[in-house]
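# Fold and geometry: a report
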Amino acid sequence: MRFTSILRVLVATVVAAPAAAQTIQIDAALAAEIDRRTAAIADKVTAWRRDIHQHPELGYQEVRTAALVAAHLRKLGLEVQERVGGIPGVVGILRGGRPGPTVALRADMDALPVTEQVEIPFKSTVRTVYNGQDVGVMHACGHDTHVAMLMGTAEVLAGLKDRLPGTVRFIFQPAEEVPPRGGALPMIEAGVMDGVDAIFGIHVGPGKLGALSWRAGPKQASADNWKLIVRGRQGHGAMPATTVDPIVIGAQIVGAYQTIISRQIDLTTSPAVLTVGAFHGGVRENIIPDSVWMIGTVRTFDETIRGEIHARMKRIAEGIATASGATAELTVVRGYPVTVNNPALVARFLPTLKRVAGTAGVSEDDLSMPAEDFSRFAEKAPGFFLGLGVTPPDLPPEKVASNHSPFFQADDRALPVGVRTLSNLAVDFLRNGGAGKVTP
């Protein structure tokens, strides 16, 4: 049996065992009430989403969105904290009618410097200057839907307050798209995860409308940015022997970097990516420059492999540069860690997803290379980060645009599924004593 097959069996065993041992109890009347309340506010959730979509804000600038969220939470009677972590973070606290565990639900609020190309009535026309360029601003990653769904969840659960044994903490987080600190880390440092027993979150993306996806264990990769400067000796392009050419040396390093993934890392244990995203050097065709620089990203699912790649990058760059009479200076900025879904938490509450979306509407996810700072929250308490399909059903699958595309689309008809999912996860968690035998 191949290693990957063995790994799938092991993961399935880890997931299945707790599920059988820790069956959760369902209050059918309460679940029906969640459905009724969600249906009653569906139009409001859609209106919130469209309003936020039409008024997108970049990371750390989500002032309007945060004010909208805070006003709504106060109207519901929740305890509200603003400017959490010194950024536009908002936390709403709903204390149930009886003592019990604490569950956190998270939504990210920031948009991207992307010019929207989808012709919809609530299309974003906002523009800004980003990295010296005039660009549009768009919720190209679907965070507008995340905020609207969590606002709706807060309204549903606020109406059930007296029947909840425990506390729900609603975390509206800025700057997910701004690594390495993002918005999660400042909010965590401000104490938002203190006393939290588990945290749940949803991310929308291309997929069958209203379908939910899950994965136990590592789900999304870590993300590290790096910069390499190669310094040689400048001179005439017609007399290269009198120079130390950093362009040629840099090109050799780029080629050698590809062998780290293809020849030096055992990819049967965990996938990894090393990308050179930019290479800059020189100003004229007949001048060999004194230096070049390049930047890129490293994505991994394993902390040991993550460290190995960094070390090998440094050794290769310095070795090639030294052999050619140049120097190389590598700087690696560690970004978001691997997003890990707690296997026991997934197993315990996978039945909740199936109850909401139906067995056919729930599927296991593949590993995903994009990173997420939900990972920061999941380091502090058991976490479960799941996916929600939002592709309009009339859109041909081959034309579906990914998140971060100017053509990304999210169908509002998926929003009630997200509200019902988060509401049921919170209720099932609280009414079943929390996570059971689950540790981070």
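The present account deals with the structure reproduced in this document. Every value quoted in this text rests on a predicted model; they were computed, and no experiment measured them. (Residues numbered from 1 in each chain as written. Predicted model: local features only at pLDDT ≥ 70, side-chain atom pairs only at ≥ 80, totals over all residues. Heavy atoms only, no water.)

Attention now goes to the pairing of strand S3 (residues 98–108). Most of S3 is tucked away: eight of the eleven residues are buried. The sheet contact formed by S3 and strand S6 (residues 165–173) spans eight bridges and is parallel. Within S6, the residue paired with aspartate 108 across the bridge is glutamine 173. As judged from the four bridges shared by S3 and strand S7 (residues 198–205), these two strands associate in the parallel manner. Following the sheet pairing, arginine 106 is matched in S7 by glycine 201. (Buried < 20%, exposed > 50% of the residue type's maximum accessible area, 1.4 Å probe, protein only. Helix = DSSP H or I, 4+ residues; strand = E, 2+ residues; numbered from the N terminus. Pairing = 2+ DSSP bridges.)

Running from N to C, helix H2 (residues 28–54) and helix H4 (residues 143–158) cross one another at 145°; their axes reach a closest spacing of 8 Å. The element H2 and its partner H4 pack so that their crossing is right-handed. Across the interface between the two elements, Ile34, Arg37, Thr38, Ile41, Lys44, Val45, Trp48, Arg49, Ile52 and His53 of H2 pack against Asp144, Thr145, Val147, Ala148, Met149, Met151, Gly152, Glu155 and Val156 of H4. (Axes fitted to C-alpha atoms, helices over the stretch in contact; angles between N-to-C directions. Left-handed = near helix turned anticlockwise from the far one by under 90°. Contact = heavy atoms within 4.5 Å.)

Along a regular strand, successive side chains alternate from one face of the sheet to the other. Looking at chain direction, strand S10 (residues 222–231) and strand S14 (residues 291–300) are connected through ten bridges and run antiparallel. The partner of alanine 223 across the bridge, within S14, is arginine 299. Here S10 runs beside strand S15 (residues 327–334); their pairing, made up of eight bridges, is antiparallel. Across the sheet, valine 230 pairs through a bridge with alanine 328, a residue of S15.

As for its position among the elements, aspartate 108 is in strand S3. For aspartate 108, a relative accessible area of 0% gives the class buried. Side chain to side chain, aspartate 108 and histidine 143 meet in a polar contact 3.2 Å long. Separated by 2.6 Å, the side chains of aspartate 108 and histidine 146 make a polar contact. Those residues in contact with aspartate 108 that sit more than four places away from it in its chain are His143, His146, Val147, Gln173, Glu176 and Glu372. (Polar contact = N/O pair within 3.5 Å; in protein donor to acceptor, adjacent residues only side chain to side chain.)

It is worth spelling out the sheet that holds strand S18 (residues 383–389) at this point. With mixed pairing, eight strands are arranged side by side in an open sheet as S1-S2-S6-S3-S7-S18-S8-S17. Only two strands of the sheet have a single partner each, and these edge strands are strand S1 (79–84) and strand S17 (362–364). Between one strand axis and the next, the sheet turns through 25° on average, direction left out of account. Across six bridges, strand S2 (residues 89–95) lies against S6 in antiparallel orientation. Opposite valine 91, over in S6, you have isoleucine 171 as the bridge partner. Of the strands in this sheet, S1, S2 and S6 touch helix H3 (residues 63–75), which is tilted by about 15° from S2. Of the strands in this sheet, S3, S6, S7, strand S8 (212–214) and S18 are in contact with helix H10 (residues 415–431), which crosses S3 at around 150°.

Turning our eyes to something else, we now look at the side chain of aspartate 144. With respect to the helices, strands and loops of the structure, aspartate 144 is situated in helix H4. Apart from the residues within four sequence positions on either side, aspartate 144 is in contact with Arg49, Ile52, His53 and His139.

Counted by the stated rule, this structure contains 25 salt bridges. Glutamate 33 is paired through a salt bridge with arginine 37; the nearest N and O atoms lie 2.9 Å apart. Of the two residues, glutamate 33 and arginine 37 both sit in helix H2, four residues apart, roughly one turn of that helix. Judged by relative accessible area, which is 24%, arginine 37 ranks as partly exposed. For glutamate 189, the salt bridge goes to arginine 181, with nearest N and O atoms at 2.9 Å. Residue glutamate 189 is classed as exposed on the basis of its relative accessible area of 54%. Judged by its relative accessible area of 37%, arginine 181 falls in the partly exposed class. (Salt bridge = Lys/Arg side-chain N within 4 Å of Asp/Glu carboxyl O.)

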